[in-house]
Protein chains: 2
Amino acid sequence: MRVSTRGQYGLRAMLELALHYAEGPMTLRRVAARQAISESYLEQLLGTLRRAGLVVSVRGVQGGYRLARPPEEIRVGEIIRAVEGPIAPTECVVEGGEPECWRAPHCVSRLLWEKLRDSMLAVLDSTTLADLCAEAEVMTAGARAGVFPHGGRTTSEG
Amino acid sequence: MRVSTRGQYGLRAMLELALHYAEGPMTLRRVAARQAISESYLEQLLGTLRRAGLVVSVRGVQGGYRLARPPEEIRVGEIIRAVEGPIAPTECVVEGGEPECWRAPHCVSRLLWEKLRDSMLAVLDSTTLADLCAEAEVMTAGARAGVFPHGGRTTSEG
DNA sequence: AATATACCCGAGTAAAAAAGTCGGGTTTAA
DNA sequence: TTAAACCCGACTTTTTTACTCGGGTATATT
């Protein structure tokens, strides 16, 4: 029950673009380097994300990628769906899925998978890139103040 | 982000055993037939579940499998863990997992995966086989005297 | 004791998915 | 004109999944 590297890399790349949203387009090369992802593989993913309408690309010399919308308006769920397909623990509970198996009407497990799916969606579709940026902000603020990221304190006096 | 057939079959098999918990051990053959699972594949799974302490087996002529504990005391999460390993959307957030990657301290995505994991655990570890049996009861009550695909009966209740 | 039933188990295999690579093409600022 | 970047489909390798198989062991019954 793992999210693939496509999902993980996709999120990291989008997050990287979100953190530099104010600046112009960011090159594939730079994103790949900062996130330690193979360039050729990331190129695939960014292509997918572009076709899904989540990023826009600028070709040519000063080109690169940027988010198609501000970070507040991009949900993690969208990213995952773009690179991994529908979010569902089983085939039989894909959102808007018609192809119920013959046992669906009396299938108790299916109810469980639905609940699981919904709890996953609750997290993924309620979190935006801006939310994650804010958390990154807190982390780096803590690090700047000499507090290790998993420590409780966010700021320090003086 | 799918649960494998091991997880799905494992749950269905355990649910089958739960529904017949009162009666003696149930044969592999019968479970496989009622849940439409290949016998040899199910045998593997039940072996795993036995080694995990979730079912006990009785060998020989009148043998079969039964739950190691009453349905109230078996959580779905235990079953999934037994047949699929730790429940976590990424390697970096496995419960009790030490091997954090080098980027863990400043990794924002990781926080998200933790939240996702926790929401999954909330569902899987709060649901017992007894809960599912109760839901099955409600379902069959609605369809009482109705048609069952396998002509199955739920309990030995008169 | 023989037998049939039923669990036990490791090894093996085929198919699918995941992960990542490659080479050649197009756009565009300088 | 050139070099920086994106574009894209096809290809390969690796890993995981989903099974199958064949022979072994325990045991109730006859």
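If you're wondering where the values come from, they're calculated on a predicted model, not measured in any experiment.

Scanning chain A from terminus to terminus reveals six helices and two strands. When its helices and strands are written in sequence order, chain A yields α-α-α-β-β-α-α-α. Its C-alpha atoms give chain A principal-axis dimensions of roughly 60 × 45 × 25 Å. Residue pairs in contact within chain A that sit at least 24 positions apart in sequence constitute 61% of those at least 6 positions apart. Of the roughly 8100 Å² of accessible surface on chain A, 50% is carried by carbon and sulfur atoms. Treating the 19 positive side-chain charges of chain A as one cloud and the 19 negative ones as another, the clouds have centres 5 Å apart.

This part is about the protein's contact with DNA strand D. Around DNA strand D, the surrounding shell holds 25 residues, and the nearest of these are Glu43, Arg50 and Ser57 of chain A together with Ser38 and Arg59 of chain B. Within the side chain of Ser40 of chain B, a nitrogen or oxygen atom sits 3.4 Å from a phosphate oxygen of DNA strand D. Counting residues per element, the ones that place at least two in the surface near DNA strand D are helix 3 (39-51), strand 1 (55-58) and strand 2 (64-67) of chain A together with helix 1 (5-19) and helix 3 (39-51) of chain B. A per-class count over the surface near DNA strand D returns eight nonpolar, 12 polar and five charged.

Time to look at the pattern of salt bridges. Scanning all chains against the criterion turns up 18 salt bridges over all chains. A salt bridge links Arg2 of chain A to Glu91 of chain B; its shortest N-O distance comes to 2.9 Å. Placement of Arg2 of chain A in the segment before helix 1 (5-19) and of Glu91 of chain B in the loop between helix 4 (76-84) and helix 5 (108-124) is noted, with the two residues assigned to different chains. Classification of Arg2 of chain A by relative accessible area gives partly exposed; the value is 30%. Each of Arg81, Glu95 and Asp125 of chain A takes part in a single network of salt bridges with overlapping partners.

Quick notes on the rules
Residues numbered from 1 in each chain as written. Chains lettered and ligands numbered in written order. Predicted model: local features only at pLDDT ≥ 70, side-chain atom pairs only at ≥ 80, totals over all residues. Heavy atoms only, no water. Helix = DSSP H or I, 4+ residues; strand = E, 2+ residues; numbered from the N terminus. Contact = heavy atoms within 4.5 Å. Areas by Shrake-Rupley, 256 points an atom, 1.4 Å probe, with all protein chains shown as cover. Lys, Arg positive; Asp, Glu negative; His and termini not counted. Charge placed at Lys NZ, Arg CZ, Asp CG, Glu CD. Near = heavy atom within 4 Å. Polar contact = N/O pair within 3.5 Å; in protein donor to acceptor, adjacent residues only side chain to side chain. Nonpolar A, V, L, I, M, F, W, Y, C, P; charged D, E, K, R; others polar. Salt bridge = Lys/Arg side-chain N within 4 Å of Asp/Glu carboxyl O. Buried < 20%, exposed > 50% of the residue type's maximum accessible area, 1.4 Å probe, protein only.

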